[in-house]
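As a plain string of letters, each chain reads:
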Amino acid sequence: MVALAYSFSLFVIWSVVGRAVFALFAPRFGALRSWLLAPGMGMAVVLIGLMVFNQLGLPIARFSQVMTALLIMISLAVLRWQRPAFPRRALRPFFAAAFFSLLWTGWPSLHAGFDWISYGNDDMANYCLAAERFSAHGFFDVPTMAELSGRDYSSYYFFMHVADMMRFGAEHIVAWSATLIRLKATQTFMPAIVAISLTQLFAAAGLALQAGRHRRRALITAWILAVSPLFMLGTLYQLIAQVAGIALLLLLLALLTRTWGPARRRELIRYAGLPAIAAAALCICYPEPTPFLGLAYLGYVGLGLARRRIAGPVALALLAYTMLGALLILRYNIVSYVSTLVMQLGSATHKANLLLSLFPYFLLPTGFSNLFGWMPIARDFPEPIVTLSIAGGMGLALLLLWRTVREAWQLHAAALLLLVQGAVAVQLYRGGSDFPLYKLAMWMQPTLAIALAGLLLRLRSGRFATLLLVLFGLSTAASALHYTRTSQGTVAGGMTELRYASKLGMEVQTPARWDAQITATIENVVAAKFAASELRGHQLALASRDYFFPNTRIDFRDPPMYVRLHPHFKQMAQARPRMLERNSELVTTSMLWRTEFSQPVLTHPTDYYLGLTRQLSLFNKFGADPNEPIRHVFELTPASGIRNHLVFVHSGRGNHYYLGDRRFISFFQQEADPFLTGGNFNGLGRFMLLRVEHPTGEIYLRISATRTGLPGRTHWNPAAFIHHAEPDTPIGVVGDGAFNLFVGPLRPLPFKDAHYVAIDFQEMTQVILDRRSGLKAMFNRYIPLDYRRLLGWARDISAMSGEEYRQLRRPARLRYFPEDIAKAETLDFSCIYEDGWVSPESRFVLAGLPSG
């Protein structure tokens, strides 16, 4: 409850600050609308304050509390001086909708508190690490080689925000929310984004309340958003820049499309301060949707002039003053805005390979159902629900299109924005742009809610409209609950990147000596970055993959003129030499078994190994009790306690799953094992390179895997091999289904002070095909729902000594299926299906049956 209370407190702070700004710049803006738009304006003011002071060289931790206290005191003084109306009765149902949204979206934090990690995606990890840098450093502080060597991985975000001039507003909000109450960024990220989602909800209601009218429409809009699963998903999936950016976009559009009568220049200049602040905050937080804003505003002005509904000089003067004000606030940060926008637009127009689409959801007929929340993304309900929800989504989309065109002609700003979004969505669909279309579907939720509210208000009976709103909420409840339950992180797979992160917390045991060398063997990208955040100040090396490889899009040897004129060009220009020095001194690149890979250079031998607890990893599970409760996400083990420990190494032939070439990925994220309650396994690729820490001479590799779930492809290739060992050894797999084999004895070969083995299943991976029926098969049937190319699934890959192998206690018989197969540890077999059907080719190693 404390974490949710903190979310609401941030929302209230922004509301007070924003309402005071409205009182100063536009005293006669409208009481209810001012309060609805106030949270967005307050967030914009906080963002600009953080930008200014941090870019002056002050760490956010040093001034966040003082700045916030001053803003609150000044705002209260302004409100006392101006005494703006507080329409308590009119605001009460809006706050009720916000409070419902707070609980409906954020109820998992009632269990996890500030440890709620939700899906724990890579974006969140990056935002939190970058926020830690802004908390402890000035914006343009150049990282030292000591920090880059593993002391502080947050320093790597210097290359992103300073050298590459990427947007940074969301990171500033996370840093502010953390330093305000002196917690870690990972602890306040979810409270911050939940507060921002409430801000977006109020901004949408404020936009619906155009020109002081349509109070019922604004209220219905707020309630539709409160129950909208796709609106909730933006928060739960931790898209904080998007959630904040869309809130600012709605705020800015509402401010620019205010209805004006005769206006004096002084009044326009004074009022333009509001959209200038919102525009500046939008540019540093989320530039991507600004073209939509520009097109919608041009449409508003063009139609208004054609219909003689607005005064052209007033509209153009307001736009000019707004742009001038935003430029004065942003100063050189306008370069960051342009740089981010150009890069994001370039990636959005890039045509994806639809056979390898990561986000195919809105390229498929089910996208119509996902859009309105009748089915969750990546999960289908049974027929005929799927077909009915698709048909309903298509029909509602056509009805809303007709209504939106009519309202756009009547100069409704939200309708104009929705038309622009719809036109772009059609173009993205035609171009097969999967990810931009997925993001756009979430961007559209506020304008869709406004359109739906207008449709409901066409009904003459208020009670009937209320009944339909309740029914809509009930029809989307299953999807909303799916998203929130998944955000608890107790079940692997799907959108959950790291299981049990919210339940167990992200704390890492730290060694007694601060200068101890820690080597992380973590193969999960999110877990590795969380560990890097927790261990700032300690010497940490990442053995599985160089997750922080720095690069820049700009060659500072011959930079463009706009970069050379940047007042902080001196600091920016240090990015390239610091990057080259880091890559030459701290990382070594090698070639082994026809595959290139890199490894960290250690200044002294490893004192401790940091890995995931064994149940959360694909590797080193042998000997772990599967029934033992998981108490920690991470395990810190002294080097003296490590023997035959396998570390996956990202290589050219065997990629890490994150941003890897999907033809060569070695393994995918952990997911639930359908054959074993509470069990998990990982999708498996063809090749993987493994580093063996402290091998005991001869070793045995234990490989447990299955192909039972691959339709028509259950047979394993008997040519599968273990390479770079003495001797090279066949795995010995025969037949179909599952196997659990002990391969050896073999000796991992040394290479540059380490030992490695390589597993090659000698078979090309393939896409999992699916069958579709009903309206689900209407179009794009060839796009696979599962983007992965797989050979099967692996339950464990471990190494053990020869002595441990010889002491294995074999079972004498198989009795229970699928448990005896899926949980098999010491049973040496190949191959049998989990349900007990034996493959035509198979072998088993059982203990002798007792006599008698």
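Caption draft 1: Examining the nonpolar core more closely. Counting residues in each nonpolar core, the largest one holds 265 residues, and the members touching the most others are L233, L255, F634, I722, I731 and I759. In terms of residue count, helix α10 (residues 185-208) provides more of this core than any other element does, 16 residues in total. Grouped together as the second largest cluster of nonpolar side chains are 9 residues, F597, L689, F751 and A758 included.

Caption draft 2: Seen up close, the pattern of salt bridges. Considering all chains together, one arrives at 26 salt bridges under this definition. As a salt-bridge pair, R707 and E763 come within 3.0 Å of each other at their nearest N and O atoms. Of the two residues, R707 is situated in the loop between β11 (699-706) and β12 (721-723) and E763 in the loop between β16 (754-760) and β17 (766-767); the sequence distance between them amounts to 56 residues. Each of the two residues, R707 as well as E763, counts as buried. By sharing partners, the salt bridges in this structure join E132, D152 and R536 into a single network.

Caption draft 3: View of helix α2 (residues 31-55). Helix length check: α2, at 25 residues, gives a terminal C-alpha distance of 35 Å against a target of 36 Å (1.5 Å per residue), a fit within 8%. The sharpest bend along α2 measures roughly 45° and falls at A38, with the proline P39 sitting one to four residues further on. Extensive coverage of α2 is indicated by the burial of 22 of its 25 residues. Looking one or two residues past α2, G57 carries a phi angle of roughly 105°, positive in sign.

Caption draft 4: Inspection of empty space enclosed by the protein at higher detail. For the coordinates displayed, the defined rule picks out 8 cavities of 30 Å³ or more. Size it by volume and the largest cavity reaches roughly 220 Å³. Of all the secondary structure elements, the ones that give two or more residues to the lining of the largest cavity are α7 (145-151), β2 (539-542) and β4 (595-600). Within the lining of the largest cavity, the residues separate by chemical class into 11 nonpolar, 7 polar and 3 charged. As for the second largest cavity, its lining consists of 18 residues, and the residues nearest its centre are E497, N524, L616, Q669 and Q670. Element by element, the count of residues in the lining of the second largest cavity is highest for strand β8 (residues 667-672), at 4 residues. Grouping the amino acids of the lining of the second largest cavity by side-chain chemistry returns 8 nonpolar, 7 polar and 3 charged.

Caption draft 5: Just the state of the cysteines, in detail. Evaluation of the coordinates by the stated rule reveals 0 disulfides. With no disulfide of its own, C283 has C285 as its nearest cysteine by sulfur position, at a separation of 10 Å.

Caption draft 6: Region of interest: the sheet that holds strand β1 (residues 517-520). With mixed pairing, 4 strands are arranged side by side in an open sheet as β2-β1-β5-β6. Single-partner strands in this sheet number two, and they are β2 and β6 (634-638). Strand after strand, the sheet turns through a mean of 25° between neighbouring axes, direction not considered. Contacts from helix α25 (residues 525-534) reach β2, β5 (608-612) and β6 within the one sheet, and its direction differs from that of β6 by about 65°.

Caption draft 7: Spatial organisation of the packing of aromatic side chains. Evaluation of the coordinates by the stated rule reveals 49 aromatic pairs. Taking 5.6 Å as the distance between ring centres and 45° as the angle between the ring planes, the aromatic pair formed by F100 and W223 counts as tilted. On the criterion of sequence distance, the pair formed by F100 in helix α4 (residues 88-106) and W223 in helix α11 (residues 215-227) is long-range, its members being 123 residues apart. Looking at F100, the relative accessible area reads 32%, which means it is partly exposed. Residue W223 is classed as partly exposed on the basis of its relative accessible area of 26%. Here the aromatic rings of F619 and F648 are separated by 6.4 Å at their centres, their planes lie at 15°, and the arrangement is stacked. Pair noted here: F619 is in the loop between β5 and β6 and F648 is in strand β7 (residues 645-649), with a separation of 29 residues, a long-range link. Using a relative accessible area of 1% as the deciding quantity, one classes F648 as buried. An aromatic cluster of at least three residues, connected via ring pairs, comprises Y153, Y156, Y157, F158, F159 and F548. Here the basic side chain of K529 rests over the ring of F548, its NZ or CZ set 5.8 Å away from the ring centre. Just above the ring of F687 sits the side chain of R653; from NZ or CZ to the centre is 4.2 Å.

Caption draft 8: Summary view of the packing of α10 against α11. Close contact between α10 and α11 brings their axes to 8 Å; oriented N to C, the two are set at 150°. In terms of their interaxial angle, α10 and α11 are classed as roughly antiparallel. Our pair here, α10 against α11, has a crossing hand that is right-handed. Residues L201, A204, A205 and A208 of α10 lie in contact with α11, whose contacting residues are R217, A218, T221, A222, L225 and A226. Split by residue class, the contact of α10 with α11 holds 8 nonpolar, 1 polar and 1 charged.

Caption draft 9: A look at the side chain of S389. Locating S389 in the fold gives a position in helix α19 (residues 385-409). A polar contact is formed between the side chain of S389 and the backbone oxygen of V386, at a distance of 2.8 Å.

Caption draft 10: View of the pairing of strand β19 (residues 792-801). The buried fraction of β19 is high, at 10 of 10 residues. Relative to β19, strand β9 (residues 680-684) runs antiparallel, the two sharing 3 bridges. Note on β19: the bridge partner recorded for G683 is W793.

Caption draft 11: Seen up close, the layout of surface pockets. Of the voids in this model, the second largest pocket is the one considered here, and its volume is about 870 Å³. Forming the boundary of the second largest pocket are 33 residues, of which A624, P626, N627, L676 and K823 lie nearest the centre. Counting only elements with at least two residues in the lining of the second largest pocket, the list comes to β11, β19 and α30 (819-822). It is α30 that provides the largest number of residues to the lining of the second largest pocket, a total of 3 residues. Considered class by class, the residues forming the lining of the second largest pocket number 11 nonpolar, 8 polar and 14 charged.

Thresholds, definitions, all that
- Residues numbered from 1 in each chain as written.
- Predicted model: local features only at pLDDT ≥ 70, side-chain atom pairs only at ≥ 80, totals over all residues.
- Heavy atoms only, no water.
- Core = buried A, V, L, I, M, F, W, Y, C linked by side-chain atoms within 4.5 Å.
- Buried < 20%, exposed > 50% of the residue type's maximum accessible area, 1.4 Å probe, protein only.
- Helix = DSSP H or I, 4+ residues; strand = E, 2+ residues; numbered from the N terminus.
- Salt bridge = Lys/Arg side-chain N within 4 Å of Asp/Glu carboxyl O.
- Expected span 1.5 Å × (residues − 1).
- Bend = angle between axes of the 7 residues up to and from the residue.
- 1 Å grid on protein atoms, 1.4 Å probe; cavity = no way out; pocket = protein on both sides within 12 Å on 5 of 7 lines; lining within 4 Å.
- Points joined across faces, edges and corners; volume = space filled by probe spheres on them.
- Nonpolar A, V, L, I, M, F, W, Y, C, P; charged D, E, K, R; others polar.
- Disulfide = S-S within 2.5 Å.
- Pairing = 2+ DSSP bridges.
- Axes fitted to C-alpha atoms, helices over the stretch in contact; angles between N-to-C directions.
- Contact = heavy atoms within 4.5 Å.
- Phe/Tyr/Trp six-rings, centres within 6.5 Å; stacked < 30°, edge-to-face > 60°.
- Lys NZ or Arg CZ within 6 Å of the ring centre and 35° of its normal.
- Parallel < 35°, antiparallel > 145°, perpendicular 65-115°, else oblique.
- Left-handed = near helix turned anticlockwise from the far one by under 90°.
- Polar contact = N/O pair within 3.5 Å; in protein donor to acceptor, adjacent residues only side chain to side chain.

In short, shape yes, function no, at least from these values alone.
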